[in-house]
Amino acid sequence: MKRSVFKKATCLLMAVLMFACMAAGCGNAVAGGGTEANEASGETAGEAAEGRGGDLLSFTYLRPVWQPATFVSGGAYEQALFDYANIEVDVQIIPVMEYDAKVKTVVAGGTLPDVMWASGPADPFWRDLENQGAFTSIDELLESHPNVKNNVSETVWNQMRNPDDGKIYFLPRSIASDVPFFTFYRKDWFDAQNIPEPTTIDELNAALETIKNAYPEAVPMTVGMGGFEWMFKDLGTSFGATVGGWVASADDPDTIIPAFLTEEQENYFFWLQDMRRDGLLDPEVGINPDVNHGKQKFMAGTAAAYPGGYPDFIEISAALAKTDPTAEVAIMAPLTGPTGVQGGTRTSYPVDRGMYFSSASDVTAEFFDFLEWWLTDATDFRRYGVEGEMYNVVEGKKVAIPEADRKDDYKTTQIEPLSFFGRIEEELDFEGTWKPAFVANGLEEKFEYWYDSFMAYCENRFPDYLSPTVLSPTSAEIGAQIWESTLSTAYGAVLLNVNGTREQYQEQADAWLSQGGQDIINEINAAQADKSKPTYGE
Amino acid sequence: MIGKPLPMANKQTARSSLWKRIVRNKWVYMLFLPAFLYFVIFAFVPFYWIQIAFKDFKIFLGVNASEWVGLKHFKTIFADPMTGRLIFNTLRISLANIVFGFPVPIIFALLLNEVVGRRYKRLVQTVSYFPHFLSWVVYAGVVFAIVGPKGALNSLISLLGGKPASFITDPGLFIPVIVVSGILKGFGWGAIIYLAGISGIDPILYEAACIDGAGRWKQMWHVTLPGIRPFIGLNLCMAVAGILNASFDQVFMFLNNSNKTVGEVISTYVYKMGMLSNKYEYSTAVGLLQGVVSTLLLVSANALSKRLGEKSLW
């Protein structure tokens with residue numbers, strides 16, 4: 001009898017457990033699992049008293065993160081922010097490399113967060129959702145929130161307007177157009193081999209060849225991230241290539257064409273192929289699933305050169321100093337290409353993603369109030385964070401505490417998920433934003449050198465001629481299919497293995513044109529009246 | 001365990017008997033309920049949305065309000081230059097998995113059955129099951145560490161004076177990598193059903209074979225293997241039915257632009273078109289076609305299995 005009851009009880013318990021597992025599996029996967037926070041640290045109490053007043057604003061927030069997605073809800077920074085700003089944010093984060101794919105899956109579920117990041121109306125997917133009524137129009141809110149509105153240029157606002165109803169749904173995140181990817185290299189290794197800093201692509205090849213022989217345990221050049229051809233974009237400018245963009249056709253300057261159809265980009269791609277074949281490029285580039293492997297190798301002292309974003313200088317210098325105190329990181333000036341083209345930087349459209357607001361949300365107006373306050377009264381908190389934890393005041397100036405010296409709750413991985421837009425003018429505020437970061441990391445003497453390098457890259461700009469809001473119906477319909485069936489394989493054959501030939505590349509390019517690519521080009525050229533060289537960043 | 005076979009005298013009796021059986025074994029049925037609900041929710045309810053394949057689907061208008069477009073998406077599938085290549089790649093990978101992968105768990109189960117030391121047997125079982133519990137994301141990382149450009153295998157090749165191979169990017173090596181990694185991950189787990197089958201073989205059969213002078217090899221060939229033949233037939237049925245479902249997770253983890261000419265399969269393409277390029281209608285249409293063909297294959301394989309006198313699924 002007892003045994004029978006025991007068996008029944010066990011069966012019931014297991015059934016309940018299975019139900020619980022199913023329910024948990026179907027639950028909402030919000031990072032950290034909730035919004036309850038720990039108690040604030042003492043240092044923030046004063047600031048909290050001067051924070052945003054009014055009613056508590058609670059909203060759900062979906063955004064990408066560039067840092068590792070290790071955010072844990074309930075940390076001290078989160079509590080400090082919530083107290084100061086009088087907000088409660090239920091945040092869900094997605095690594096930026098996966099964002100575009102995953103956010104569309106979230107949206108396909110039909111339930112949107114109150115505030116979500118997106119690539120904006122330049123993508124037909126989002127434009128279509130605007131037309132379906134998924135998002136709130138923000139025209140009136142922009143008029144009543146001048147600091148939010150003035151953070152974006154009038155030209156960009158006009159480009160954000162939906163052509164079907166004339167309304168604006170998307171709040172773009174303004175960025176500086178100049179985002180040079182420096183070629184960092186180990187100057188101490190180059191010096192040891194008596195290699196002067198290369199000034200041309202040929203000299204770079206020769207230098208890496210010497211390094212390869214002198215340091216067989218290291219890789220001559222590496223890079224992380226998927227789509228590594230983009231990470232080499234500024235080396236590509238030395239070939240005259242505008243990687244991933246559209247340029248004026250050599251045959252007809254009044255026609256713009258995708259850069260992958262140009263000889264310049266083809267030369268650049270086959271240079272990368274030569275690098276791989278000759279053992280100058282890390283064989284794991286483009287293959288290793290760890291998107292940070294390139295940077296990690298450089299910081300670990302197992303790579304001689306690495307192209308990365310200009311802000312990386314601080315991080316890699318600080319990290320490498322710990323790995324090898326004798327190491328010296330330098331920045332290669334833009335190189336001259338084989339045809340004599342002086343390299344520079346491939347500039348970007350001055351918007352990188354932005355926010356949409358769910359039409360089902362009832363907190364959009366309150367969120368704009370918060371954003372207006374965030375851009376004005378909260379400037380100090382937004383830029384410097386919590387005193388004593390993220391910065392110290394030294395001789396009347398706020399000096400950032402280096403990342404490595406901060407408590408876990410105040411590291412970038414805990415702050416980025418809870419950050420919103422900043423002011424565009426602060427991004428390239430070299431004295432106000434960047435110099436303190438150099439000082440904080442003990443690299444003050446390197447600041448001028450880094451700044452001069454930035455300016456040198458920006459002397460020659462290679463912009464994308466395609467206006468991002470010009471859409472091609474053919475591209476929206478079959479663009480992805482014809483890309484998959486033609487050029488994506490050519491990219492792989494050239495960039496990932498060394499078997500692809502120029503003839504094969506041309507065949508795939510022709511196939512792309514014949515399968516609908518020419519229609520895309522025609523539609524884009526018909527829709528875009530101004531085909532002159534954009535002046536972003538100048 | 002659940003009850004005696006139903007007397008099929010009449011439907012009324014059968015229903016009443018089924019209900020009695022359910023009441024009598026209610027706690028066991030409670031255990032079955034989550035699995036039943038799982039299939040209802042995740043396998044049958046989604047049938048409603050198959051209509052997306054015939055519509056111009058608008059997420060926020062909803063499936064009912066979206067416009068009907070007839071067979072437009074099916075026409076697109078057959079006009080897509082990728083279609084032929086996708087079907088060919090899918091069949092090739094699935095067949096390679098069946099030809100090279102299907103016998104491995106059977107052989108492993110037969111070999112393991114011959115191991116005398118119980119501790120050693122359990123150790124081998126545990127070690128061989130373990131990779132099954134790793135996700136393909138994690139397992140692909142392990143495989144990458146072995147066959148990657150700077151992996152253990154290439155280091156060994158270099159050490160022996162050979163030229164490192166591009167296991168990850170060489171289209172010619174894609175299928176061997178897929179098949180071998182799939183076998184290594186799944187053979188231990190796949191052997192469980194055969195080991196269960198072997199444990200159900202009447203020991204008297206072995207005794208009789210032994211008296212007739214059969215050695216270990218003959219016993220294996222004439223007693224053990226025929227004993228698990230029904231399970232082999234069933235598994236083969238399922239494998240044939242799934243021939244158009246080349247493992248998405250596995251292929252996706254090893255797929256790159258360099259090997260996609262041989263590696264892009266229907267499921268990865270559906271993901272790219274549906275999730276990354278937002279062509280939900282197109283993906284649903286491909287999925288529907290795939291489901292119809294798989295059903296036909298399953299019915300055919302089951303009928304064949306029945307005709308050959310083997311166990312069938314129904």
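For clarity, every value in this text was computed on a predicted model and none was experimentally measured.

### Details of the domain arrangement of chain A
Residues and elements named next belong to chain A.
Moving on, step 1. The domains assigned to chain A are domain 1 (31-176 + 351-424), domain 2 (181-348) and domain 3 (473-527).
Moving on, step 2. Domain 2 and domain 3 are separated by 25 Å when their C-alpha centres are compared.
Moving on, step 3. Summed over both sides, the interface between domain 2 and domain 3 buries roughly 1,900 Å², with carbon and sulfur atoms accounting for 66% of that surface.
Moving on, step 4. One salt bridge in this structure joins Arg 502 and Glu 266, with 3.2 Å as the shortest N-O distance.
Moving on, step 5. Along the contact surface separating domain 2 from domain 3 lie 9 residue pairs in polar contact (both at pLDDT 80 or more).
Moving on, step 6. The dominant element in the side of domain 2 that touches domain 3, judged by the number of residues it contributes, is helix α13 (residues 263-277), at 9 residues.
Moving on, step 7. Counted by class, the side of domain 2 that touches domain 3 contains 12 nonpolar, 5 polar and 5 charged residues.

### Focus: the sheet that holds strand β5 (residues 181-186) of chain A
Residue and element names in this part refer to chain A.
Moving on, step 1. The sheet built from 4 strands is open, its strands ordered β6-β9-β5-β10 with mixed pairing. Looking along the sheet, the strands with just one partner apiece sit at the ends: β6 (219-221) and β10 (329-332). With strand direction ignored, the average angle separating the axes of adjacent strands in the sheet is 35°.
Moving on, step 2. Pairing between β5 and strand β9 (residues 303-309): 5 bridges, direction antiparallel. When the sheet's bridge partners are listed, Phe 184 is paired in β9 with Tyr 306.

### Section: the confidence of the model for chain B
Moving on, step 1. Overall, the predicted model of chain B reaches an average pLDDT of 88, with 95% of residues at or above 70.
Moving on, step 2. Helix α1 (residues 11-24) of chain B is the least confidently modelled element of chain B, averaging 79 in pLDDT, while helix α5 (residues 103-114) of chain B averages 94, the highest of any element.

### Some points on the interface of chain B and chain A
Moving on, step 1. Residue-level contacts link 41 residues of chain B with 43 residues of chain A.
Moving on, step 2. Summed over both sides, the interface of chain B with chain A buries roughly 3,600 Å², with 71% coming from carbon and sulfur.
Moving on, step 3. At the junction of chain B with chain A, the criterion picks out 4 salt bridges.
Moving on, step 4. Residue Glu 484 of chain A pairs with Lys 260 of chain B through a salt bridge whose shortest N-O separation is 2.7 Å.
Moving on, step 5. Here chain B is connected to chain A by 9 residue pairs in polar contact (both at pLDDT 80 or more).
Moving on, step 6. Counting only elements with at least two residues in the side of chain B that touches chain A, the list comes to α2 (26-44), α3 (72-79), α4 (82-101), α13 (260-263), α14 (266-276) and α15 (280-307) of chain B.
Moving on, step 7. Of the residues forming the side of chain B that touches chain A, the biggest block, 8 residues, is contributed by α2 of chain B.

### Side note on the sheet that holds strand β4 (residues 171-174) of chain A
Residue and element names in this part refer to chain A.
Moving on, step 1. Strand order in this open sheet of 5 strands is β2-β1-β3-β11-β4, and the pairing throughout is mixed. The outermost strands of the open sheet, each flanked by one partner alone, are β2 (87-95) and β4. Here the average twist between neighbouring strands, direction ignored, is 25°.
Moving on, step 2. When strand β3 (residues 115-118) meets strand β11 (residues 351-357), the two strands line up antiparallel, connected through 4 bridges. Within β11, the residue paired with Trp 117 across the bridge is Met 355.
Moving on, step 3. The strands touched by helix α4 (residues 96-108) are β1 (57-65), β2, β3 and β11; relative to β2, the strand with the most contacts, the crossing angle is about 115°.

Reading the values: the criteria
Residues numbered from 1 in each chain as written. Chains lettered and ligands numbered in written order. Predicted model: local features only at pLDDT ≥ 70, side-chain atom pairs only at ≥ 80, totals over all residues. Heavy atoms only, no water. Domains from an automatic or database assignment. Buried area = accessible area lost by both parts, 1.4 Å probe. Salt bridge = Lys/Arg side-chain N within 4 Å of Asp/Glu carboxyl O. Polar contact = N/O pair within 3.5 Å; in protein donor to acceptor, adjacent residues only side chain to side chain. Helix = DSSP H or I, 4+ residues; strand = E, 2+ residues; numbered from the N terminus. Nonpolar A, V, L, I, M, F, W, Y, C, P; charged D, E, K, R; others polar. Pairing = 2+ DSSP bridges. Axes fitted to C-alpha atoms, helices over the stretch in contact; angles between N-to-C directions. pLDDT = per-residue confidence, 0-100. Contact = heavy atoms within 4.5 Å.

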